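Fold and contact review
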Amino acid sequence: MNAMNTTLRTATISVLVENEAGVLARVIGLFSGRGYNIESLTVAPVDDEGHKSRINIVTSGTEMVIQQIKAQLDRLVPVYRVADLTQIGPHVAAEMALVKVISDNADRRSEALRFAGEYGARTVDATETSFVFEMTGSTEKLDAFLDTMRPLGLAEVSRTGVAAMTRGTTII
Amino acid sequence: MSTIAPAPAASETLTLSGAEVLLRALKDQGVEVIFGYPGGAVLPIYDAIFQQNAIRHILVRHEQAAVHAAEGYARSTGKVGCVLVTSGPGATNAVTGLVDALMDSIPIVCLTGQVPTHLIGNDAFQEADTTGITRPATKHNYLVKRSEDLARVVHEAFYVARSGRPGPVVIDLPKDILINKAPYVAAATAAHRSYRPQTQPDAGQIAKAIALLKSAKRPVIYTGGGVINAGDAASDALRRFARKTGYPVTSTLMGLGAYPANDPLFLGMLGMHGTYEANLVMHGCDVMLNVGARFDDRVTGRLNAFSPGSKKIHIDIDPSSINKNVPVDVPVVADAAAALEALIAAWDADPAQPDRDGLAAWWRQIDTWRGKDSLRFTQTKAKGGVIKPQYAIQRLYEITREMDREVYITTEVGQHQMWAAQFFRFDRPNRWMTSGGLGTMGYGLPAAMGVQIAHPDALVIDIAGEASILMNIQEMSTIAQYRLPVKVFILNNQYMGMVRQWQELLHGGRYSESYSEALPDFVKLADAFQGVGMRAQSVDELDDVIRAMIASPTAVIADIAVDQKENCFPMIPSGAAHNDMILGPEHESRARGISDEGLVLV
Ligand SMILES: Cc1ncc(C[n+]2csc(CCOP(=O)(O)OP(=O)(O)O)c2C)c(N)n1
Ligand SMILES: [Mg+2]
């Protein structure tokens, strides 16, 4: 391994954990205690009985740091598996955002509605002066959508963070 | 309970209270001794303890000491140490001990009392968020919220504490769980759901390691606490592997005793206060075999100058220890004993011959470094002469060698600890108990207590500093209660010597707050705690005091007045490279300028 490699990379890591009290605190405490970045983090139960949860973490660091993050996660007692989707191969990653746009200006409102249509966002709420759009897609696509909405009266954003999965038949 | 849940196997099982179930599980886990301190939240456990004889309770005088005692017990026996403390302040007092055990990979199960489940979160009397506080202080922790989980959690806690890289585990026990009836279940025979550490090495990695080791011209075996944790089998395999290869061996502070210190292949301890030869061998080697050590900053010095020309093999049971500080060429995730056995088998099976000429030249080089005798000191033997601290340890070692008793050494933290590591020569594992990773002053006395409980007939000595010993001095009372013949050997330099040394070398000799003012009279102190106090003021008194201390059937505090100005050498200042070592006044000492970068390091 090359220690001199200081290039930062982003990693999307999925962690399968026992769904027990404190497990999320363990994961978050690990990141804050050791000074790792969290760019996004999602967690929800993923099996029928609700015994297992999947945590998806988007983080960044040098190759050595990312390997270290994975090893640190893997040694937590309630962790079943740690998968670096960025390394396993092609994967899909998506998040959802609710985006509120408020404007008194009718032109801006119609512009907002038009862009929402082009980005494939759904309008889930509308009043005379506002919209709430629901938009699903890659982080980059969501970012671009928000940039577009900003001059049109972007007022509030709620994002879920990234859910991710490998393509094809590979499972973690 | 829902209708689909299986009925309890025997109706008998539901006649036990949670506290009784707990004790039964502890007994089934082989617990013989608990170090603890009572309080409201754990009274049901104390009541259950009162009504049985299988498990002995040792009443400490501070919860921190309970954990250190359990560490001493664990490290000297290879078993899991067990601690019992009450909620709130009992638990918070235990935290230092838990972190100490975490840093040094000592298997501990610590039972903490908790307010009843319905009060949790209400800021009840003596409530603390114990699982929250101890999450980063433990390998794992549990809060038992349902009686039916109790027995399983206790069994699991012992499995987690001793498996893989060992460590402390907390079980937080609400008072209602202890009082209510609970079902007993035996330990599961199935593998743990999620925690399954790898213990067997990968054959391909072993083959790569052997190829490197056979081609080495300047090899070194660098061993750590992992070899001790892997048990006698690992120390034994290490000895066979080293003798088979003829490769030099060095050890971290935590690994001392895994390889016999008097063996010609042994270079002494490495690192900040390691020997000249050990550090230069690490710097100049071409193949390094790290077994169960973790490239700690006390060992590596400046990272980008650490052993620059070597290929590195790293055996560790914890994958997160590999490639953490130092990138390695051949990682081997395994138990140290299993990996060393695999190395021995693969070495024998491989037809390639090691480079005997290269190795001979390497040993000639090592011998010239050894010739420097970097631990040398001069002790005047004149009557009334000031005792050098190194000499005090050396004599302690030599005199204990004259008897055929098992000797266990614990230490506090400071210069005396480093001199003990340098001058007390261990030839067996589990005889040396010291706070390495956390460097906890106050560790040694309670740890010695735990060792003495485990080995009642052994000679157990806490090599102490006059400052450190005061941090858990209350344990003299525990020692008196159980009539433990623990010996406290204080190297009294009237300074926080290690602090004073750094101030001398790095802060212009401004000795800010490092003088040990208003010390107690340690002889009277021993007396007050029903022990025997002794004092050596000058070199002519030293041997007699050591002999009297060892001969005494009771606890002893031996107050040894030593040279106040003595510094611990060699020293690699923080942020310096291994070949940038400061040697003592006996040598052409060479203190290269310490960088600002070095000054910020601890
Ligand atoms: C609990 C704790 N507080 C502070 C320190 C920092 N520290 C390290 S060594 C030392 C001085 C120890 O003095 P003494 O016990 O007399 O040992 P000496 O160095 O003189 O041998 C101090 C304060 C520590 N290691 N642990
Ligand atoms: Mg001192």
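On a predicted model such as this, the values are computed, not experimentally measured, just so you know. Just so you know, the residues in each chain are numbered from 1, in the order the chain's sequence is written. For this description, chains carry letters from A and ligands carry numbers from 1, given in the order in which they are written. Totals for whole chains, interfaces and linings use all residues, but because this is a predicted model, local features are given only for residues with pLDDT of at least 70 and pairs of side-chain atoms are given and counted only at 80 or more. Values reported for side chains reflect all heavy atoms of the structure, with hydrogen atoms and water molecules removed beforehand.

1. Remarks on the sheet that holds strand 2 (residues 56-59) of chain B
All names here are of chain B. Note the cut-off: Any two strands with at least two DSSP bridges between them are considered paired. The way it works is that DSSP assigns letters per residue, a run of H or I at least four long becomes a helix, a run of E at least two long becomes a strand, and they are numbered from the N terminus. In this analysis an axis means a line fitted to C-alpha atoms, helices contributing only their contacting stretch, and an angle means the value between N-to-C directions, from 0 to 180 degrees.
The 6 strands are arranged 2-1-3-4-6-5 in an open sheet whose pairing can be described as parallel. The open sheet terminates on both sides in strands that have one partner only, identified here as strand 2 and strand 5 (140-143). Pairwise comparison of adjacent strand axes, ignoring direction, gives a mean angle of 20° for this sheet. Strand direction decides the pairing type here: strand 3 (residues 81-85) and strand 4 (residues 108-114), joined by 5 bridges, are parallel. Residue pairing in the sheet places Leu-84 in a bridge with Leu-111 of strand 4.

2. Concerning the nonpolar core
Residue and element names in this part refer to chain B. Rules: Among the buried residues, those of types Ala, Val, Leu, Ile, Met, Phe, Trp, Tyr and Cys that are joined through side-chain atoms within 4.5 Å form a nonpolar core. Here the term buried applies to any residue with accessible area under 20% of the maximum for its type, exposed to any over 50%, and partly exposed to those in between, with areas from a 1.4 Å probe on protein chains only. Contacts are residue-level and defined by heavy atoms, with any inter-residue pair within 4.5 Å sufficient.
Ranked by size, the top nonpolar core spans 112 residues in total, and within it Leu-213, Leu-343, Phe-489 and Ile-560 carry the most contacts. By residue number, the principal contributor to this core is helix 13 (residues 336-349), which donates 7 residues. Other than its neighbours up to four places away in sequence, Leu-343 contacts Ile-206, Ala-209, Ile-210, Leu-213, Phe-241, Leu-289 and Ile-315. With 46 residues, the next largest nonpolar core counts Val-67, Ala-458, Leu-525 and Ala-526 among its residues.

3. What about the interface of chain A and chain B?
Note the cut-off: Here a salt bridge means any side-chain nitrogen of Lys or Arg lying within 4 Å of a carboxyl oxygen belonging to Asp or Glu. In the analysis that follows, any N or O atom pair within 3.5 Å is treated as a polar contact, provided that within protein one partner can donate a hydrogen and the other can accept it, and provided that, for residues neighboring in sequence, both atoms belong to side chains.
Between chain A and chain B, the residue contacts involve 16 residues of the former and 20 residues of the latter. Between chain A and chain B we count 2 salt bridges in total. When the shortest N-O distance is used, the salt bridge between Glu18(A) and Arg193(B) registers 3.3 Å. Here chain A and chain B share 6 residue pairs in polar contact (both at pLDDT 80 or more) between them.

4. A few points about the sheet that holds strand 4 (residues 79-84) of chain A
Residue and element names in this part refer to chain A. An order of 2-3-1-4 is seen for the 4 strands of this open sheet, with the pairing classed as antiparallel. Looking at which strands have only one partner, the edges of the open sheet turn out to be strand 2 (40-45) and strand 4. Averaged over all adjacent pairs, the angle separating strand axes in this sheet is 15°, with direction ignored. The pairing of strand 1 (residues 9-18) with strand 4 spans 5 bridges and is classified as antiparallel.

5. So, empty space enclosed by the protein
The line we're drawing: In this analysis a 1.4 Å probe is tested at points of a 1 Å grid over the protein atoms alone, and where it fits but cannot get out there is a cavity; an open set with protein on both sides within 12 Å along at least five of seven lines is a pocket; lining residues have an atom within 4 Å of a point. Grid points are joined across faces, edges and corners, and a volume is the space filled by probe spheres set on the points. Charged means Asp, Glu, Lys or Arg here, nonpolar means Ala, Val, Leu, Ile, Met, Phe, Trp, Tyr, Cys or Pro, and polar covers whatever is left, Gly included.
Summed over the entire model, instances satisfying the criterion amount to 1 cavity of 30 Å³ or more. Taken as a whole, the largest cavity holds about 40 Å³ of empty space. Taken together, Glu18(A), Glu20(A), Val77(A), Pro78(A), His140(B), Tyr142(B), Glu156(B), His192(B), Arg193(B) and Ser194(B) make up the lining of the largest cavity. Considering only residue class, the lining of the largest cavity consists of 3 nonpolar, 3 polar and 4 charged.

6. Examining the packing of helix 1 (residues 18-28) of chain B against helix 2 (residues 43-50) of chain B
Residues and elements named next belong to chain B. Formally: Each angle is binned into one of four classes, with values under 35 degrees roughly parallel, values over 145 roughly antiparallel, values of 65 to 115 roughly perpendicular, and all other values oblique. Take the far helix as the reference: if the near one is turned anticlockwise from it by less than a right angle, the crossing is left-handed, and if turned clockwise, right-handed.
Axis separation between helix 1 and helix 2 bottoms out at 8 Å; the angle between their running directions is 60°. With respect to helix 2, the element helix 1 is oriented oblique. Helix-helix and strand crossings are classified by hand; for helix 1 and helix 2 the assignment is right-handed. On helix 2, the residues touching Ala-19, Glu-20, Leu-22 and Leu-23 of helix 1 are Pro-44, Ile-45, Ala-48 and Ile-49. For the contact of helix 1 with helix 2, the residue count by class is 7 nonpolar, no polar and 1 charged.

7. Things to note about the packing of aromatic side chains
Condition: Stacked, tilted and edge-to-face are the three classes applied to pairs of Phe, Tyr and Trp rings, where Trp contributes its six-membered ring and a pair requires centres within 6.5 Å; stacked means planes under 30 degrees apart, edge-to-face means over 60, and tilted covers the rest.
Counting across every chain of the model gives 18 aromatic pairs over all chains. Their ring planes at 25° and their centres at 5.4 Å tell us that Phe131(A) and Phe133(A) sit as a pair that is stacked. Accessibility assignment for this pair places Phe131(A) and Phe133(A) in one class, buried. Consider the rings of Tyr259(B) and Phe266(B), whose centres lie 6.2 Å apart with planes at 25°: the pair is stacked. A relative accessible area of 8% places Phe266(B) in the buried class.

8. A short note on the layout of surface pockets
By rolling a water-sized probe across the atoms, one finds the places where empty space is left. Volume-wise, the second largest pocket comes out at about 600 Å³. The wall of the second largest pocket is formed by 29 residues, among which Glu20(A), Ala21(A), Tyr142(B), Leu143(B) and Lys145(B) lie closest to the centre. Of all the secondary-structure elements, those providing two or more residues to the lining of the second largest pocket are helix 5 (130-134), strand 5 and helix 6 (150-162) of chain B. Ranked by the residues each element gives to the lining of the second largest pocket, the list is headed by strand 5 of chain B, at 4 residues. Per-class residue counts for the lining of the second largest pocket are 7 nonpolar, 9 polar and 13 charged.

9. A look at the packing of helix 3 (residues 63-77) of chain B against helix 17 (residues 444-454) of chain B
Residue and element names in this part refer to chain B. Direction vectors running N to C along helix 3 and helix 17 enclose 50°, while the axes themselves pass 6 Å from each other. Classed by the angle they form, the pair helix 3 and helix 17 counts as oblique. Remark: the crossing between helix 3 and helix 17 carries right-handed chirality. Note on element contacts: helix 17 touches helix 3 through Pro-446, Ala-447, Met-449, Gly-450, Val-451 and Ala-454, opposite Ala-65, His-68, Ala-69, Gly-72, Tyr-73, Ser-76 and Thr-77. When its residues are assigned to classes, the contact of helix 3 with helix 17 shows 8 nonpolar, 5 polar and no charged.

10. Considerations on the state of the cysteines
Residue and element names in this part refer to chain B. Here is the rule: Criterion for a disulfide: a pair of cysteine sulfur atoms within 2.5 Å.
Taken as a whole and assessed by the stated rule, the structure comprises 0 disulfides over all chains. Free cysteine: Cys-82, not disulfide-bonded; nearest cysteine sulfur from Cys-110 at 8.3 Å. A residue is classified by how much of its surface remains accessible, and Cys-82, at 1% relative accessible area, is buried.

11. Thoughts on the site of ligand 1
All names here are of chain B. For the record, the criterion: Any residue with a heavy atom positioned within 4 Å of a molecule or strand is treated as near that molecule or strand. Calculation of accessible area relied on Shrake-Rupley with a 1.4 Å probe; when residues are assessed, cover is drawn exclusively from the protein chains displayed.
Around ligand 1 there are 17 residues in total, and Gln-415, His-416, Gly-439, Ser-468 and Gly-497 lie nearest to it. At a separation of 2.8 Å, an oxygen atom of ligand 1 approaches a polar backbone atom of Gln-415. In the model, an oxygen atom of ligand 1 is placed 3.2 Å from a nitrogen or oxygen of the Glu-466 side chain. For ligand 1, whose unbound accessible area comes to 590 Å², protein coverage reaches 76%. For the shell around ligand 1, the elements supplying multiple residues, two or more each, are helix 16 (415-423) and helix 19 (497-506). Here the element with the most residues in the shell around ligand 1 is helix 19; it accounts for 3 residues. Among the residues making up the shell around ligand 1, the classes are represented as 8 nonpolar, 8 polar and 1 charged.

12. Some thoughts on the side chain of Ser251(B)
Mapped onto the elements, Ser251(B) comes out in strand 8 (residues 249-251). One polar contact links the side chain of Ser251(B) to the main-chain carbonyl oxygen of Gly255(B), over a distance of 3.5 Å.

13. Section: unusual backbone geometry
All names here are of chain B. A cis amide bond links Phe-569 to the next residue, Pro-570, at an omega of -5°. By secondary structure assignment, the location of Pro-570 is in the loop between strand 18 (556-561) and helix 22 (596-599). Non-glycine residue Phe-295 carries a positive phi angle of around 50°. For Phe-295, the position within the fold is in the loop between strand 10 (287-291) and helix 12 (297-300). For Phe-295, a relative accessible area of 1% gives the class buried.

14. Considering the domain arrangement of chain A
All names here are of chain A. Rules: Domain boundaries shown here were taken from an automatic or database domain assignment. Note on definitions: buried area is the accessible-area loss of two parts on being combined, 1.4 Å probe, summed for both.
Taken domain by domain, chain A holds domain 1 (3-88) and domain 2 (92-164). Relative placement of domain 1 and domain 2: their C-alpha centres are 29 Å apart. With 9 residues of domain 1 at the interface, the matching set in domain 2 holds 5 residues. Both sides together, the interface formed by domain 1 and domain 2 hides about 420 Å², and carbon and sulfur atoms give 56% of it. Its largest share of buried area at the contact with domain 2, domain 1 owes to Ser-40, Thr-42 and Asn-56, together 57% of the area lost on that side. Remark: the boundary between domain 1 and domain 2 carries 3 residue pairs in polar contact (both at pLDDT 80 or more). Of all the elements in the fold, those that place two or more residues in the side of domain 1 that touches domain 2 are strand 1, strand 2 and strand 3 (52-61). Split into classes, the residues belonging to the side of domain 1 that touches domain 2 amount to 3 nonpolar, 5 polar and 1 charged.

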